[in-house]
Number of protein chains: 2
Amino acid sequence: MKITIKDIAEISGVSTTTVSQILNNKGQRFSEETKRRVMKAVEENDYNPDYFAKNMINRESKTVGMIVPDVTDLFFSKVIEGVEAYLTKKDYMILLCNSNHSNEMEKNYIKQLLNRSVAGVILASPNAMELETSLKSSPYILIDRGINTRVEGNLLVKEYEGSYESVQYLIDAGHKKIGMLTNESGYYEMTDRYRAYVQCLKDNKLIYHGEYIEDGPVTIEGGYEAAKRLLERTDITALCCGNDQMAIGTYRAAYELGLKIPEDLSVIGFDDLEISSYLNPPLTTVAQPAFEIGYTAATYLFQSINSPEQKIPNRTFETEFIVRGSTTTVDKKK
Amino acid sequence: MKITIKDIAEISGVSTTTVSQILNNKGQRFSEETKRRVMKAVEENDYNPDYFAKNMINRESKTVGMIVPDVTDLFFSKVIEGVEAYLTKKDYMILLCNSNHSNEMEKNYIKQLLNRSVAGVILASPNAMELETSLKSSPYILIDRGINTRVEGNLLVKEYEGSYESVQYLIDAGHKKIGMLTNESGYYEMTDRYRAYVQCLKDNKLIYHGEYIEDGPVTIEGGYEAAKRLLERTDITALCCGNDQMAIGTYRAAYELGLKIPEDLSVIGFDDLEISSYLNPPLTTVAQPAFEIGYTAATYLFQSINSPEQKIPNRTFETEFIVRGSTTTVDKKK
């Protein structure tokens with residue numbers, strides 16, 4: 001049986017409020033004798049005042065809420081790992097919330113996190129703008145995703161530049177029929193990657209073909225389905241996938257349609273998941289530092305919790321274009 | 001600014017203890033007038049008593065701790081998804097702990113979780129036996145892994161039967177030189193899968209070759225390194241991988257060594273991750289229900305929290321052998 005504050009109060013013959021105040025260094029008004037008695041009971045019974053009880057006085061839960069769209073998404077599990085790696089050093093823990101991309105769930109989670117007096121929130125959501133009002137009473141960091149109105153605590157990635165570089169690479173390799181897999185459910189980075197694609201074609205005086213674009217969920221299966229539709233109706237020679245997971249799905253679609261990568265189809269991803277360099281052929285992709293993003297988010301949130309008067313920094317992460325075996329040059333006549 | 005219990009106490013002219021007791025239905029000794037005044041202040045100020053404060057009376061944190069060896073492991077992220085899916089329906093949240101396979105970290109996490117008065121713990125660890133003593137004061141469920149001394153609350157998978165079936169399949173397809181990738185860091189299921197391999201060879205009167213076995217971390221990279229060593233020193237025609245992630249690494253190793261799957265090497269995994277059916281060729285594997293395991297663990301833990309007098313059930317999950325494109329028959333002369 002765990003010793004509770006009530007037990008300590010009974011043993012030392014005082015109220016739980018008295019015990020609580022003495023343990024939280026707010027017991028000035030009590031006699032030395034009372035304090036001694038309480039501390040003796042605490043020590044003898046190996047009582048460990050828990051954070052929930054402490055919190056009533058300190059409002060310090062040493063707990064941080066984290067909301068992600070999909071905990072099984074390989075990018076986000078790496079971000080979570082980064083957040084955890086920093087917070088655990090500070091004796092903070094994560095209340096993890098899996099929103100399944102649902103705005104309704106996100107709202108509900110924020111309410112529940114605030115009910116639990118979390119010290120702060122890390123939020124990865126396409127719906128950030130709408131959610132910010134409900135977060136006003138707590139420090140928070142917006143991760144990676146989200147058009148938002150905030151001037152601090154935003155962690156962004158150079159999506160546009162990264163995507164532009166990959167499309168330019170394909171054009172330089174002779175590709176003219178370049179497709180793209182996108183996702184139109186509001187994720188800003190997908191929009192940014194798509195905008196870069198459009199602009200890069202334009203800058204290179206290539207015609208934009210609406211039928212070269214296909215939309216789908218940002219998952220392996222989503223990429224598979226989208227790529228299949230796209231490859232069945234067009235004769236593109238290269239495909240920029242919304243992320244690495246969609247690229248993995250594309251490998252499967254190409255295989256089923258008898259297209260060889262990269263001979264018949266060059267494929268580029270976005271993320272550089274661990275698995276991507278192990279694919280057959282290894283995936284050419286735009287790397288973004290998922291672990292570092294998580295680690296930085298946790299660092300900034302911790303600063304914000306402990307120095308609320310200071311402004312939270314913003315940070316934009318660079319991408320890196322990594323050429324592997326899934327892309328090749330194409331006969332210019334094609 | 002968030003309204004606190006102190007604010008409510010001030011507004012209604014009573015102590016925080018009084019507010020707390022009234023809100024927790026322990027305010028019988030207070031007058032109707034006092035109760036009315038407190039409830040009015042609560043309603044008018046939209047005060048939401050937080051779980052931490054409530055907990056001091058109720059010891060009900062509506063929070064569950066979950067410790068996994070690796071949050072980026074594709075199997076565990078699916079288990080977490082299952083746990084979350086059940087608990088969120090019950091308004092419970094998960095404090096997620098990533099132990100990095102470290103026993104030291106696990107011990108520290110358990111301490112921290114108990115400090116935070118979690119309602120229960122879900123533990124996935126190879127070190128379960130040792131950890132159980134520290135968990136005695138809390139309901140807990142052991143997930144999937146772990147030789148342990150407990151007679152209830154164990155969720156296991158038919159590792160042995162699943163592995164045996166896969167080795168028998170290869171033998172029936174004519175393979176005689178069958179290798180295995182294992183992990184010797186204490187995960188019981190890896191030991192079970194290995195034991196089944198040894199027994200199946202024996203039952204089929206095939207000679208066991210120590211050099212056909214290679215050990216490595218249960219990751220993609222671990223599988224890649226182990227498979228490379230194994231394939232360089234032997235001429236095996238089939239390989240049973242410790243899990244699907246190791247199989248993904250094996251694909252890469254085989255590719256680099258100029259071995260075609262399945263023509264030169266049949267490969268079998270264990271888990272059936274989402275990605276496995278999208279590999280090229282799609283992976284033959286032993287499926288285990290990761291989401292269902294997590295969901296069941298959460299269900300049992302919830303029961304255990306709310307009906308501590310009842311025994312927690314044990315459950316053993318079936319596996320399913322799924323034949324895809326990574327295995328083929330072999331010339332019996334080989």
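Use the structure listed above.
Residues numbered from 1 in each chain as written. Chains lettered and ligands numbered in written order. Predicted model: local features only at pLDDT ≥ 70, side-chain atom pairs only at ≥ 80, totals over all residues. Heavy atoms only, no water.

Novice: Help me understand helix H10 (residues 220–233) of chain A in this model?
Specialist: Each α-helix turn comprises 3.6 residues. Residues three or four places apart therefore point the same way. Residue and element names in this part refer to chain A. Compared with an ideal rise of 1.5 Å per residue, which puts 14 residues at 20 Å, H10 spans 20 Å between its outermost C-alpha atoms and is within 8% of the ideal. Along H10, the residues classified as buried are Ile220, Gly222, Gly223, Tyr224, Ala226, Ala227, Leu230 and Leu231. Tucked into the core, H10 has its buried residues touching strand S6 (178–182), strand S7 (213–215), strand S8 (238–240) and helix H11 (244–256). (Helix = DSSP H or I, 4+ residues; strand = E, 2+ residues; numbered from the N terminus. Expected span 1.5 Å × (residues − 1). Buried < 20%, exposed > 50% of the residue type's maximum accessible area, 1.4 Å probe, protein only. Contact = heavy atoms within 4.5 Å.)

Novice: Honestly, the interface of chain A and chain B in this entry has me stumped. Any pointers?
Specialist: Interface size is commonly expressed as the accessible surface area that is lost when the partners come together. The interface is formed by 59 residues belonging to chain A together with 57 residues belonging to chain B. Summed over the shared surface of chain A and chain B, the result is zero salt bridges. The tally of links from chain A across to chain B stands at 19 residue pairs in polar contact (both at pLDDT 80 or more). Those elements giving two or more residues to the side of chain A that touches chain B turn out to be helix H2 (16–23), helix H4 (51–58), helix H5 (74–89), strand S2 (93–98), helix H6 (103–115), H10 and H11 of chain A. By residue number, the principal contributor to the side of chain A that touches chain B is H5(A), which donates seven residues. Counted by class, the side of chain A that touches chain B contains 27 nonpolar, 19 polar and 13 charged residues. Note: S2(A) against strand S2 (residues 93–98) of chain B, three bridges, orientation antiparallel. When the bridges of S2(B) are listed, Ile94(A) appears paired with Leu96(B). (Salt bridge = Lys/Arg side-chain N within 4 Å of Asp/Glu carboxyl O. Polar contact = N/O pair within 3.5 Å; in protein donor to acceptor, adjacent residues only side chain to side chain. Nonpolar A, V, L, I, M, F, W, Y, C, P; charged D, E, K, R; others polar. Pairing = 2+ DSSP bridges.)

Novice: Help me out: how do you make sense of the pattern of salt bridges in this one?
Specialist: Where charged atoms of side chains with opposite charge meet at close range, the side chains can pair. Residue and element names in this part refer to chain A. The full count for this structure, using the stated rule, is 26 salt bridges over all chains. A salt bridge links arginine 252 to glutamate 256, with the shortest nitrogen-to-oxygen separation between them at 3.4 Å. Taken together, the residues arginine 252 and glutamate 256, both in helix H11 and four residues apart, mark about one turn of the helix. Given a relative accessible area of 39%, glutamate 256 falls into the partly exposed group. Because the salt bridges share partners, they merge into one network encompassing Glu33, Arg36 and Arg37.

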